[in-house]
Amino acid sequence: MIEAGAKVLLEVKQLSATVGGVPILKGIDFTVRAGEVHAIMGPNGSGKSTFAKVLAGHPSYLVTGGEVSFDGRNLFELAPEERARAGLFLGFQYPVEVPGVANSQFLRLTYNTVQGGRGKDELDPLEFDDFVREKMKLLEMDPAFLDRSVNEGFSGGEKKRNEILQMALLEPKLAVLDETDSGLDIDALRVVAGGVNALRQPDNAVVLVTHYQRLLNYIVPDYVHVMEGGRIIKTGTRELAAELESRGYDWVAAEGREAA
Amino acid sequence: MSAVLQNLIDQPYQHGFVTDIESDTVPRGLDEDVIRMISRKKNEPDWLLEFRLEAYRHWLTMAEPTWPNVHYPKIDFQAISYYSAPKPKKKLASMDEVDPELLRTFEKLGVPMHEQAVLAGVAVDVIFDSVSVTTTYKKKLADVGVIFGSFSEAVQEHPDLVRKYLGTVVPAGDNFYAALNSAVFTDGSFCFIPKGVKCPMELSTYFRINTQQSGQFERTLIVAEEGASVSYLEGCTAPQFDTNQLHAAVVELVALDNADIKYSTVQNWYAGDENGVGGIYNFVTKRGLCKGVNSRISWTQVETGSAITWKYPSCVLLGDNSIGEFYSVALTNHLQQADTGTKMIHIGKNTRSTIVSKGISAGRSNNSYRGLVKIGAKAEGARNYSQCDSMLIGETCGANTFPYIQVQNNTAKVEHEATTSKIGEDQLFYFASRGIGNEEAVSMIINGFVKDVFTQLPMEFAVEAGRLLGLKLEGSVG
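Residues numbered from 1 in each chain as written. Chains lettered and ligands numbered in written order. Predicted model: local features only at pLDDT ≥ 70, side-chain atom pairs only at ≥ 80, totals over all residues.

1. Some details on the overall build of chain B
Formally: For helices the rule is a DSSP run of H or I covering at least 4 residues; for strands it is a run of E covering at least 2, with both sets numbered from the N terminus onward. A residue is called partly exposed when the number of other C-beta atoms within 10 Å of its own lies between 12 and 20, exposed at 12 or fewer, and buried at 20 or more, with C-beta atoms placed from the backbone.
Tallying secondary structure elements over chain B gives 11 helices and 23 strands in all. Counting all 478 residues of chain B, 54% fall into the buried class.

2. Digging into the overall build of chain A
The condition that has to hold: Remark: residues whose backbone-derived C-beta atoms lie within 7 Å of one another are considered to be in contact.
Regarding its fold elements, chain A presents 8 helices and 12 strands. Taken along its principal axes, the extent of the C-alpha atoms in chain A is 60 × 40 × 40 Å. Taking contacts inside chain A between residues at least 6 apart in sequence as the whole, the part at least 24 apart equals 71%.

3. As for the interface of chain B and chain A
How we decide: Residues are sorted three ways: Asp, Glu, Lys and Arg are charged, Ala, Val, Leu, Ile, Met, Phe, Trp, Tyr, Cys and Pro are nonpolar, and all the rest, Gly among them, are polar.
Counting from both sides, the interface comprises 18 residues of chain B and, opposite them, 21 residues of chain A. At the level of secondary structure, the elements contributing two or more residues to the side of chain B that touches chain A comprise helix 9 (425-432) and helix 10 (438-454) of chain B. Element by element, the count of residues in the side of chain B that touches chain A is highest for helix 9 of chain B, at 6 residues. Each residue belonging to the side of chain B that touches chain A can be placed in one class, and the counts come to 7 nonpolar, 7 polar and 4 charged.

4. Focus: the packing of helix 3 (residues 103-117) of chain A against helix 5 (residues 156-170) of chain A
Residues and elements named next belong to chain A. This is how it is decided: Lines are fitted to the C-alpha atoms to define the axes, a helix being fitted only along its stretch in contact, and any angle between axes, read from their N-to-C directions, falls within 0 to 180 degrees. Whether a crossing is left-handed or right-handed is set by the direction in which the near helix is turned from the far one by less than a right angle, anticlockwise for left-handed and clockwise for right-handed.
Following both chains from N to C, one finds helix 3 and helix 5 inclined at 30 degrees, their axes separated by 9 Å at the closest point. Crossing of helix 3 over helix 5 shows right-handed handedness. On helix 5, the residues that touch Leu107, Thr110, Tyr111 and Val114 of helix 3 are Gln166, Leu169 and Leu170.

5. Examining the confidence of the model for chain B
Reading fine detail from the predicted coordinates is not recommended where pLDDT is low. All names here are of chain B. Test applied: Confidence scores here are pLDDT values: one per residue, from the predictor, ranging 0 to 100.
Looking at chain B as a whole, the pLDDT averages 83, with 78% of positions reaching at least 70. Within the model, pLDDT remains below 50 along residues 88-93, and this stretch shows 4 contacts once partners closer than five positions in the same chain are excluded. Note that residues 113-121 has pLDDT below 50 and, in this model, 18 contacts with residues that lie over four places away or in other chains. Predicted complex metrics record ipTM = 0.95 and pTM = 0.80.

6. Examining helix 1 (residues 48-56) of chain A
Across the 9 residues that make up helix 1 of chain A, a large majority, 9, are buried. Gly57 of chain A lies just past helix 1 of chain A and shows a positive phi near 95 degrees.

7. Details of the environment of Ile232 of chain A
Residues and elements named next belong to chain A. Tracing the backbone shows Ile232 in strand 12 (residues 231-236). With 145 residues separating them in the primary sequence, Ile232 and Gly87 have C-alpha atoms 24 Å apart. Excluding residues within four positions of it along the chain, Ile232 makes contact with Ile28, Asp29, Phe30, His225, Val226 and Met227.

8. Considering helix 9 of chain B
When helix 9 of chain B is considered as a whole, its buried residues turn out to be Leu428, Phe429, Tyr430, Phe431 and Ala432 of chain B. Buried-residue contacts for helix 9 of chain B involve helix 2 (80-85) of chain A together with strand 23 (413-423) and helix 10 of chain B.

9. Looking at the packing of helix 2 (residues 32-41) of chain B against helix 3 (residues 46-60) of chain B
All names here are of chain B. Put simply, the rule reads: To sort the angles, those under 35 degrees are grouped as roughly parallel, those over 145 as roughly antiparallel, those from 65 to 115 as roughly perpendicular, and the leftovers as oblique.
Taken N-terminus to C-terminus, the directions of helix 2 and helix 3 make an angle of 155 degrees; their axes are 10 Å apart at the nearest point. Classified by the interaxial angle, the pair formed by helix 2 and helix 3 is roughly antiparallel. In this structure, the crossing between helix 2 and helix 3 has a hand that is right-handed. On helix 3, the residues touching Glu32, Ile35, Arg36 and Ser39 of helix 2 are Leu48, Leu49, Arg52, Leu53 and Tyr56. Looking at the contact of helix 2 with helix 3 residue by residue, the classes come out as 5 nonpolar, 1 polar and 3 charged.

10. Regarding the sheet that holds strand 6 (residues 88-91) of chain A
All names here are of chain A. Quick note on the threshold: Only when DSSP finds a minimum of two bridges between them are two strands counted as paired.
The 6 strands lie next to each other as 6-9-10-3-11-12, forming an open sheet whose pairing is mixed. Of all strands in the sheet, those bounded by a partner on one side alone are strand 6 and strand 12. Looking at each pair of strands side by side, their axes are set apart by 20 degrees on average, direction ignored. Sheet topology places strand 6 next to strand 9 (residues 174-178); 4 bridges connect them, and they run parallel. Bridging from a neighbouring strand, Leu90 pairs with Val176 of strand 9. Most of the contacts of helix 1 go to strand 9, to which it runs at about 145 degrees, and overall it touches strand 3 (37-41), strand 6, strand 9, strand 10 (205-209) and strand 11 (223-228). In the packing of helix 7 (residues 238-247) onto the sheet, contacts are made with strand 3, strand 11 and strand 12, and the angle to strand 11 comes to roughly 45 degrees.

11. A word on the nonpolar core
The following threshold applies: Among buried residues, those of type Ala, Val, Leu, Ile, Met, Phe, Trp, Tyr and Cys that are joined through C-beta atoms within 7 Å form a set called a nonpolar core.
Core analysis: the largest hydrophobic core is formed by 190 residues, its most contacted members being Leu174 and Val176 of chain A together with Ala224, Val230, Leu253 and Ala255 of chain B. The dominant element in this core, judged by the number of residues it contributes, is helix 10 of chain B, at 9 residues.

12. Examining the pairing of strand 14 (residues 296-303) of chain B
Residue and element names in this part refer to chain B. Judged by how many residues are buried, strand 14 sits mostly within the fold: 8 of 8 residues are covered. Side-chain alternation along strand 14 places Arg296, Ser298, Thr300 and Val302 on one buried face and Ile297, Trp299, Gln301 and Glu303 on a second face that is also buried. The pairing of strand 12 (residues 260-267) with strand 14 spans 8 bridges and is parallel. Among the inter-strand pairings, Lys262 is bridged to a residue of strand 14, identified as Ser298. Note that strand 14 and strand 17 (residues 323-332) share 8 bridges and pair parallel. Note on strand 17: the bridge partner recorded for Ser298 is Glu325.

13. Focus on the pairing of strand 21 (residues 383-393) of chain B
Residue and element names in this part refer to chain B. With 8 of 11 residues buried, strand 21 is to be regarded as a mostly interior element. In terms of strand pairing, strand 19 (residues 352-361) meets strand 21 through 10 bridges, oriented parallel. Counted as the bridge partner of Ile355 is Ser386 from strand 21. Judged from the 11 bridges that link them, strand 21 and strand 23 form a sheet pairing that is parallel. If you follow Tyr385 over to strand 23, its bridge partner there is Glu415.

14. Considering the sheet that holds strand 5 (residues 73-74) of chain A
All names here are of chain A. An order of 2-1-4-5 is seen for the 4 strands of this open sheet, with the pairing classed as antiparallel. On the outer flanks of this sheet lie strand 2 (22-33) and strand 5, each paired with one strand and no other. Two elements, strand 1 (residues 8-19) and strand 2, share 9 bridges in a ladder whose sense is antiparallel. In the strand pairing of strand 2, Val19 is matched with Val22.

15. Considerations on the environment of Leu317 of chain B
Here Leu317 of chain B is to be found in strand 16 (residues 314-317). In the structure, Leu317 of chain B is positioned 141 residues away from Pro458 of chain B in sequence and 24 Å away in space, judged by C-alpha atoms.

16. So, unusual backbone geometry
For Asp71 of chain A, which is not a glycine, the phi torsion comes out positive at approximately 50 degrees. Structurally, Asp71 of chain A can be placed in the loop between strand 4 (61-70) and strand 5. For Asn321 of chain B, which is not glycine, the phi torsion reads 60 degrees and is therefore positive. Looking at where Asn321 of chain B falls in the secondary structure, it is placed in the loop between strand 16 and strand 17. Its 18 C-beta neighbours within 10 Å are what place Asn321 of chain B among the partly exposed residues.

17. Let's talk about the environment of Cys290 of chain B
Residues and elements named next belong to chain B. Secondary-structure assignment places Cys290 in strand 13 (residues 279-290). By C-beta crowding, Cys290 is classed as buried, having 33 other C-beta atoms within 10 Å. Apart from the residues within four sequence positions on either side, Cys290 is in contact with Ala255, Ser295, Arg296, Ile297, Cys315, Val316, Leu317, Leu318, Gly319, Ser322 and Gly324.

Right, here's the structure in full:
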């Protein structure tokens with residue numbers, strides 16, 4: 001929801017980044033205010049996922065230029081775990097499996113770590129169990145997932161629900177969801193989208209990185225951005241997403257070239 | 001490998017100090033005279049000297065094994081001193097007579113030698129270089145008929161028992177290092193649980209190598225008579241030297257009908273530095289004989305130290321319905337090499353064995369599991385379940401699994417599962433993106449990985465082992 005004068009949560013100026021010496025991001029400008037939902041779309045290899053990972057601080061990517069402020073702080077002065085404690089959340093496209101570590105234990109550690117970072121009380125295992133079960137209901141998740149190892153043997157849809165569960169626990173100021181819709185059947189998509197919508201508040205914001213428009217039928221964005229070649233080449237409203245769905249991405253790129 | 005991971009796994013060794021204590025050390029080298037001298041110093045009966053000499057003569061005909069997946073320069077067995085004892089070597093009547101320097105050493109190591117300071121219910125036998133320096137709680141154990149103390153004392157006080165069982169599980173000529181040990185062993189622990197007695201406390205031996213040129217060759221013998229049960233713990237450390245020291249121990253366990261022996265080890269010998277200089281060669285033969293029906297022998301080991309570990313705690317399941325278990329965590333870092341596993345030899349009917357092995361490799365180390373499951377022709381209904389998991393930390397380490405399965409009875413059921421996983425940047429980044437720092441992430445992943453083994457350890461040991469793995473793998477994050 002767009003409100004004039006809402007607080008700026010994320011401000012990205014001329015961000016460039018490389019991986020293994022290859023430039024991927026080539027000057028991104030991007031601003032998110034509290035209460036907003038942004039969708040970043042674009043063809044494969046346009047740099048969408050890289051942008052999400054750079055924001056979260058993935059060590060494989062090297063930032064080569066530009067500035068990013070998050071909630072008034074210089075993002076690049078914060079280690080990845082500090083970014084998370086400061087309220088930035090990345091929902092992974094391919095959540096990592098961690099054999100041997102019980103999901104319940106992992107969820108409680110992440111919850112308590114982030115709560116602790118905010119100066120709030122931590123929950124003991126019993127209190128946490130009640131709390132997490134409530135959140136799981138929202139995502140129609142079987143409590144049996146608490147006893148399994150983190151993401152191990154989970155189906156694609158189960159992994160994505162587990163990501164949204166973490167988001168629900170951590171209540172981030174800014175959630176960046178990287179292709180959360182990929183690999184989901186229509187029921188799972190509805191549940192996951194419902195989970196995201198339930199967490200929307202006037203003081204937080206969501207960035208959806210997605211290849212397809214269908215997620216945006218469930219989570220309605222305020223802005224739609226098209227990324228190509230490591231830049232945002234067009235910004236519009238939700239109607240742009242529908243147009244991309246019917247016409248593809250090529251016309252946007254062509255329009256960009258003409259303008260240049 | 002990233003700098004972050006590198007820092008995580010580079011932790012200094014905590015027990016690398018040398019105690020400045022006068023010791024009685026025989027000159028380096030080995031021949032029959034040295035063996036006679038050791039035997040004389042220990043005032044041994046003739047049969048034991050004969051046992052040693054026979055083993056020595058056999059050893060001379062044997063060759064060092066070359067099949068393990070480990071590499072090291074040829075050992076000069078004449079450069080080792082085969083006996084070293086802290087002076088003065090006289091009979092100690094009480095703890096107050098122990099050299100205060102020695103007491104301080106063990107305090108530093110966190111080994112409780114004063115009985116009043118001992119964690120409730122753990123009796124400790126302490127072996128310093130070659131000899132046992134003290135045993136706590138002896139009297140209390142004697143009240144229920146349990147014999148627990150140094151091997152040397154047992155030879156003097158219970159020669160018939162020692163003679164009856166010594167070499168019955170690991171014969172003197174069993175293998176190269178067992179033969180060497182049989183020739184020159186100097187001390188160790190002896191433990192005898194008589195018929196029907198449940199040992200009222202955990203028994204524990206703490207081994208320390210202090211002298212630079214000495215080898216440590218201890219001999220442990222545990223016998224549980226019919227219906228007896230005991231839980232035994234073993235811990236080891238050594239100072240930091242830039243030369244390699246040889247540790248070639250033999251452990252024999254005998255379980256009679258319905259007896260139960262649980263043997264746990266936390267091994268933290270000096271592992272050498274990050275360039276592989278120094279460290280202990282840990283070439284150990286451990287074997288248990290489930291001699292009686294329904295007997296059970298369970299090995300649990302946490303191997304974190306030594307430059308090279310060569311060790312296969314095994315069970316011979318002779319009695320019908322007997323049970324053998326092996327739970328192992330082996331951690332290697334830097335240039336450490338481990339070739340470790342177990343042998344489960346099923347001879348009796350309906351014998352069962354379980355193997356759970358967890359190998360963790362970091363740095364440039366190499367970690368191999370080697371295990372044999374053998375089902376004999378008469379082992380009707382035998383069952384084995386093996387699970388061998390490897391975890392790699394970083395890009396420059398190696399893990400191997402060498403399972404050998406020999407089945408001669410078609411009613412047997414043998415299962416083997418193996419996995420390999422890796423702590424990589426992606427896992428650490430996943431944790432970091434949830435607010436969890438690298439140290440805590442590694443610790444959580446490792447603890448999850450070793451959980452099935454650690455639950456087998458007695459409580460205090462599990463805590464110590466967890467801390468030890470932490471020390472070996474965590475550190476200041478750059």
